[in-house]
Amino acid sequence: LTADVLICGAGPAGLVLGNMLRADGIRCLIVERQSRAHVEQRARAGFLAENSVRILTENGLAEGLHANGKRHDTCAFRGDHGEFELKYSELGRGEVHTVYPQQDLVRDLIAQFIDRGGEIRFDTTVVKVDPHDAVLVLDDGTTLSGRFVAGCDGQHGVSRQAVPAKVLQRDHGVTWLALLAEAPPSMAAVTYAIHPNGFAGHMARTQKITRYYLQVPQGTDATTWSDEKVWAELHTRLRAHQYGSLKTGMIIERRVVDMTSHVLEPIQHGCVFLAGDSASLISPSAAKGANLALMAAEVLAKALARQINSGDSQRLTHYSAAVLPRIWRAQEFSHWMINLLHSPAGDDGHALFMRSLQRARLESLRDNRAHQDYFAENYIGI
Ligand code: RFL
């Protein structure tokens, strides 16, 4: 046997899992398609929920996060009818986000994993997973064998192919241009703007980098959006003339993201267990993806440790049943959030109806404390 647990993918899910298994003395090996430099620079998520911070802290993985992460506790909604803010640290369970770029977290997790005696094979692609014998076939034709396989290889990975699951899916019919600007945040709060031209979003990342989103037509070619066009549209939709101009800078990443979501059921088969984006893809509307990845990694790590160290299979057998309801709660909220942030353009009856619903939803969120508490709990909760 190469290791007890073979982990496909060195993203947040695979790395948290690997670190927790190493802390329990379990032999594991991570196989990652990309180079170390690539995964340590891949900018994606940034908003970590309290459950994620707890998982990282309890497992000795939060040093960088506590040193450099920024507390974030307010979101704002802008539209035709003005702006309102929700300070979620004072709503619901009073939880806050910690903003810490995903690539920094990945860098910390890789260093810790190696410190704990873990091995990562970078630049190595898994081409096939055998769910019965826990064997990985690699791109150079060699094989690795273990007792269990953790499929943490994201939405385009191969481990999900070893799980004969139903794929429950939804195309939300909305596309975002996801942008990273080399510019400081323009506002203190995460800001969601609802505008006749479409949605625009603003999310702080670091003092020097800000993430923006622009809703664009499906099939948009990201390269047709010059820096000038991006900033002009952000100024319009975020209503800079009314609320203050944006701090501009070079756009260092622009990519088109179709808002689709899907969930595999079940997320285990034989000796293969899926965690993170390989098990479920969630639209980025409520910033849940990385948080779900950490949630599942923790459940899976505990279940595998119980099995390997005490021969107790109870938790592993019920892994899907433990994780799927939590995935669905996040999917439900994320889906609701998509309908809060988008409505069809045009002035036919259907579009007008949907826009009026959207306005009513926003007004309820603005005015109703019970609604705000529910929002806050779900916005941060996993
Ligand atoms: P990852 O991070 O995709 O890692 C999977 C790893 O597996 C490797 N891999 C393979 N390795 C070997 N063999 C193969 N055949 C392989 N196939 C793939 C890949 O190279 C990769 O290194 O999955 P994981 O660990 O499940 O983590 C999921 C998160 O990365 C993802 O959910 C989030 O980034 C989603 N997301 C956000 N989530 C949040 O919680 N908060 C946010 O603010 C947030 N913002 C975002 C986001 C995702 C975005 N994109 C990419 C659409 C913003 C954006 C723009």
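Because the structure is a prediction, the values reported are computed rather than measured.

1. Some words on the overall build of the protein chain
So, point 1. When its secondary structure is counted, the protein chain shows 12 helices and 20 strands.
So, point 2. The C-alpha atoms of the protein chain give 21 Å as radius of gyration, which agrees with the globular expectation for 382 residues (21 Å, within 12%).
So, point 3. The principal-axis extents of the C-alpha atoms in the protein chain amount to approximately 65 × 40 × 40 Å.
So, point 4. Going through the 382 residues of the protein chain one by one, you find that 45% of them count as buried.
So, point 5. Partitioning the contacts of the protein chain with sequence separation of at least 6, the portion at a separation of at least 24 is 73%.

2. Regarding the nonpolar core
So, point 1. One finds Leu17, Ala150, Ala275, Ala296 and Leu300 to be the most contacted residues of the largest nonpolar core, which totals 112 residues.
So, point 2. In terms of residues, this core owes the most to one element, helix 8 (residues 289-310), which gives 14 residues.
So, point 3. Each of domain 1 (5-71 + 96-168 + 260-335) and domain 2 (172-259 + 346-380) gives at least three residues to this core.
So, point 4. The residues touching Leu17, leaving out its near neighbours within four places in the chain, are Ile7, Ala150, Cys152, Ala275, Ala297, Leu300 and Ala301.

3. Some thoughts on the packing of helix 1 (residues 12-23) against helix 8
So, point 1. Contact pair helix 1 / helix 8: the axes reach a minimum separation of 8 Å and the direction vectors enclose 30°. In terms of axis orientation, helix 1 runs roughly parallel to helix 8. Along this stretch, helix 1 crosses helix 8, giving a crossing that reads as right-handed. Touching Pro12, Ala13, Val16, Leu17, Met20 and Leu21 of helix 1 are Ala290, Ala293, Leu294, Ala296, Ala297, Glu298, Leu300, Ala301, Leu304 and Ala305, all from helix 8.
So, point 2. In the contact of helix 1 with helix 8, the residues fall into 15 nonpolar, no polar and 1 charged.

4. Thoughts on unusual backbone geometry
One can expect most non-glycine residues to show negative phi and most peptide bonds to be in trans.
So, point 1. The amide bond that connects Glu265 to the next residue, Pro266, takes the cis arrangement and shows omega of -5°.
So, point 2. By secondary structure assignment, the location of Pro266 is in the loop between strand 17 (250-265) and strand 18 (268-269).
So, point 3. Positive phi, normally seen in glycine, also occurs at Ala134, with a value near 55°.
So, point 4. Within the secondary structure, Ala134 sits in the loop between strand 9 (126-130) and strand 10 (135-138).

5. Remarks on the sheet that holds strand 17
So, point 1. Spatially, the 8 strands line up as an open sheet ordered 6-5-14-15-16-13-17-20, and their pairing is mixed. This sheet does not close on itself; its edge strands, each paired only once, are strand 6 (82-87) and strand 20 (280-281).
So, point 2. As paired elements, strand 13 (residues 166-182) and strand 16 (residues 210-216) share 7 bridges and run antiparallel to each other. By the bridge assignment for strand 16, Ala178 is matched with Tyr213.

6. Some details on the site of the ligand
So, point 1. Taken together, 36 residues surround the ligand, and among them Gly9, Gly11, Gly154, Gly276 and Gly289 come closest.
So, point 2. At the level of secondary structure, the elements contributing two or more residues to the shell around the ligand comprise helix 1 and helix 8.
So, point 3. The dominant element in the shell around the ligand, judged by the number of residues it contributes, is helix 8, at 4 residues.
So, point 4. Of the residues contributing to the shell around the ligand, the split by class is 17 nonpolar, 13 polar and 6 charged.

7. Topic: the domain arrangement of the protein chain
So, point 1. Along its sequence, the protein chain is carved into domain 1 (5-71 + 96-168 + 260-335) and domain 2 (172-259 + 346-380).
So, point 2. Here domain 1 and domain 2 have C-alpha centroids that lie 29 Å from each other.
So, point 3. In this complex, domain 1 contributes 13 residues to the contact, which on the side of domain 2 involves 14 residues.
So, point 4. Of the residues assigned to the side of domain 1 that touches domain 2, the class counts are 7 nonpolar, 5 polar and 1 charged.

8. Brief notes about the pairing of strand 2 (residues 28-31)
So, point 1. Pairing geometry for strand 1 (residues 5-8) and strand 2, over 4 bridges, is parallel. Directly across from Ile7, in strand 2, lies its bridge partner Ile30.
So, point 2. Traced from strand 1 through helix 1 to strand 2, the parallel crossover comes out right-handed.
So, point 3. In terms of strand pairing, strand 2 meets strand 8 (residues 119-121) through 3 bridges, oriented parallel. Residue pairing for strand 8: Ile30 is matched across the bridge by Ile120.

Parameters at a glance
- Residues numbered from 1 in each chain as written.
- Predicted model: local features only at pLDDT ≥ 70, side-chain atom pairs only at ≥ 80, totals over all residues.
- Helix = DSSP H or I, 4+ residues; strand = E, 2+ residues; numbered from the N terminus.
- Rg over C-alpha atoms; globule rule 2.2 N^0.38 Å.
- Buried ≥ 20, exposed ≤ 12 C-beta atoms within 10 Å, placed from the backbone.
- Contact = placed C-beta atoms within 7 Å.
- Core = buried A, V, L, I, M, F, W, Y, C linked by C-beta atoms within 7 Å.
- Domains from an automatic or database assignment.
- Axes fitted to C-alpha atoms, helices over the stretch in contact; angles between N-to-C directions.
- Parallel < 35°, antiparallel > 145°, perpendicular 65-115°, else oblique.
- Left-handed = near helix turned anticlockwise from the far one by under 90°.
- Nonpolar A, V, L, I, M, F, W, Y, C, P; charged D, E, K, R; others polar.
- Pairing = 2+ DSSP bridges.
- Near = placed C-beta within 6 Å.
- Right-handed = clockwise from strand over helix to strand, strands pointing away.

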